[in-house]
Amino acid sequence: QWEDAEIMVLLQVMYTDLDFIAAFNIEPAVLQHFLFEVYRRYNNIPFHNFKHCFCVTQMMYGLIWLTDLKSKMDSEDLLIMLTSAVCHDLDHAGYNNAYQINARTELALRYNDISPLENHHCAIAFEILEKTESNIFRNLSMNQYKRIREGIIKCILATDMTRHNEILNKFKSILTAFDFTNKEHREVLMMILIKVSDISNEARPMEVAEPWLDCLLQEFYNQ
Ligand SMILES: Nc1nc2c(ncn2[C@@H]2O[C@@H]3COP(=O)(O)O[C@H]3[C@H]2O)c(=O)[nH]1
Ligand SMILES: [Zn+2]
């Protein structure tokens, strides 16, 4: 029921609430610019649109608080998770990877059939971040930027559902001995959390979940 402008404010509040503004010296005007660019680069299609971006990000935000991740992971990891959610479907045109590959589209050719969409979403994210006025990471150190870029790439590429079993099995294999001080463990957890958020519509109340399913089916039919 929210207007796009209101959604942008809500996203801004999530960055503020998680203390990213203070921790990473993000100027409010830059954050607003970034979120507006993100909004502009989601397409007006039935499912993979700006509202889907919001739902996934809101779920990620909720999960971070619900599981008290702030006490277990550092702010860099949390920034990676929230920003990956915001950017994970940028410039989705409504045609899935199977379509891209079968139709030998520009994206499939560019990325050699390897997660063409997810590679594209991620590339658009860093295109937005290349512009100084929308670079929310512009006050980070070189090392911080490097780590955050690496994390966002891992998270967005993990949303390719053809990698579902690979990622889930990895998570299951570390679960019994999960250790927050282990970088690899944290990375798998971050991948799982973005995957959970990405397909979390069905966990919402029926009156929310059902229209989203209709949107997804409509996008499939259009393809
Ligand atoms: N059946 C069903 N599939 C979903 C739902 N939400 C997301 N998906 C699928 O999960 C996929 C996750 O990655 P994509 O965004 O590419 O495409 C998504 C859909 O194909 C849902 O509510 N129901
Ligand atoms: Zn998505």
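The structure displayed is predicted, hence computed values, not measured ones. (Residues numbered from 1 in each chain as written. Chains lettered and ligands numbered in written order. Predicted model: local features only at pLDDT ≥ 70, side-chain atom pairs only at ≥ 80, totals over all residues. Heavy atoms only, no water.)

(A) Spatial organisation of the packing of aromatic side chains. The full count for this structure, using the stated rule, is ten aromatic pairs. Centre to centre, the rings of Tyr15 and Phe20 are 5.7 Å apart; their planes meet at 70 degrees, and the pair counts as edge-to-face. Taken individually, Tyr15 and Phe20 each receive the classification buried, so the pair is uniform in this respect. Ring geometry for Tyr42 against Phe50: centres 6.3 Å apart, planes inclined by 55 degrees, an arrangement best described as tilted. In this structure Tyr42 comes out as buried when scored by relative accessible area, which is 5%. According to the relative accessible area criterion, Phe50 is buried, its value standing at 6%. A network of ring pairs unites the aromatic residues Phe36, Tyr39, Tyr42 and Phe50 as a single cluster. Sitting over the ring of Phe126, Arg149 keeps its end group 4.6 Å from the ring centre. (Phe/Tyr/Trp six-rings, centres within 6.5 Å; stacked < 30°, edge-to-face > 60°. Buried < 20%, exposed > 50% of the residue type's maximum accessible area, 1.4 Å probe, protein only. Lys NZ or Arg CZ within 6 Å of the ring centre and 35° of its normal.)

(B) Inspection of the UniProt feature "binding site: Zn(2+) 1" (unreviewed entry) in the protein chain at higher detail. With numbering matched to this structure, UniProt assigns "binding site: Zn(2+) 1" (unreviewed entry) to His52, His88, Asp89 and Asp198. Judged by maximum C-alpha separation, these annotated positions cover 147 residues in sequence but sit close together in space, the widest gap being only 10.0 Å. Relative to the elements of secondary structure, His88 occurs in the loop between helix H5 (75-87) and helix H6 (97-102). Here His88 falls in the buried class, since its relative accessible area comes to 0%. Mapped onto the elements, Asp89 comes out in the loop between H5 and H6. By relative accessible area, Asp89 is classed as buried at 5%. Once you skip the residues sitting within four places of it in the chain, Asp89 turns out to touch Tyr42, His48, His52, His121 and Asp198. (UniProt positions renumbered as here; feature names shortened; annotations may be inferred. Helix = DSSP H or I, 4+ residues; strand = E, 2+ residues; numbered from the N terminus. Contact = heavy atoms within 4.5 Å.)

(C) Molecular detail of the coordination of the zinc ion (ligand 2). Protein coordination at the zinc ion (ligand 2) comes from His52 (NE2), His88 (NE2), Asp89 (OD) and Asp198 (OD), with a distance range of 2.1 to 2.2 Å. Considering all four donor atoms around the zinc ion (ligand 2), the spread of angles at the metal, 84 to 171 degrees, places the coordination shape in the irregular class. Along the chain, the residues donating to the zinc ion (ligand 2) fall in the pattern H-x35-H-D-x108-D. One end of the pair, His52, is in helix H4 (residues 50-66); the other, Asp198, is in helix H11 (residues 183-198), with 146 residues separating them in the sequence. Residue Asp198 is classed as buried on the basis of its relative accessible area of 16%. (Donors = N, O, S within 2.8 Å, 3.2 Å for Na, K, Ca; no water. Tetrahedral: all angles 85-135°; square planar, octahedral: opposite > 155°, others 65-115°.)

(D) Fine view of H5. Under the 1.5 Å per step criterion, the end-to-end length of H5 is 18 Å for 13 residues, consistent within 8% with the ideal 18 Å. Among the residues of H5, those classed as buried are Glu76, Asp77, Leu78, Leu79, Ile80, Met81, Leu82, Thr83, Ser84, Ala85, Val86 and Cys87. (Expected span 1.5 Å × (residues − 1).)

(E) Just the pattern of salt bridges, in detail. Scanning the model with the defined rule gives 15 salt bridges in all. A salt bridge links Lys183 to Glu150; the nearest nitrogen and oxygen atoms lie 3.5 Å apart. Of this pair, Lys183 sits in helix H11 while Glu150 sits in helix H9 (residues 142-157), and the two are 33 residues apart along the sequence. What makes Lys183 partly exposed here is its relative accessible area of 46%. When its relative accessible area of 36% is taken as the criterion, Glu150 is described as partly exposed. A salt bridge links Arg163 to Glu166; the shortest N-O distance between them is 3.0 Å. On the basis of relative accessibility, which here comes to 22%, the residue Arg163 falls in the partly exposed class. Residue classification places Glu166 among the partly exposed positions, given a relative accessible area of 40%. A single network of salt bridges, built from pairs that share partners, joins Asp74, Asp77, Arg147 and Arg186. (Salt bridge = Lys/Arg side-chain N within 4 Å of Asp/Glu carboxyl O.)

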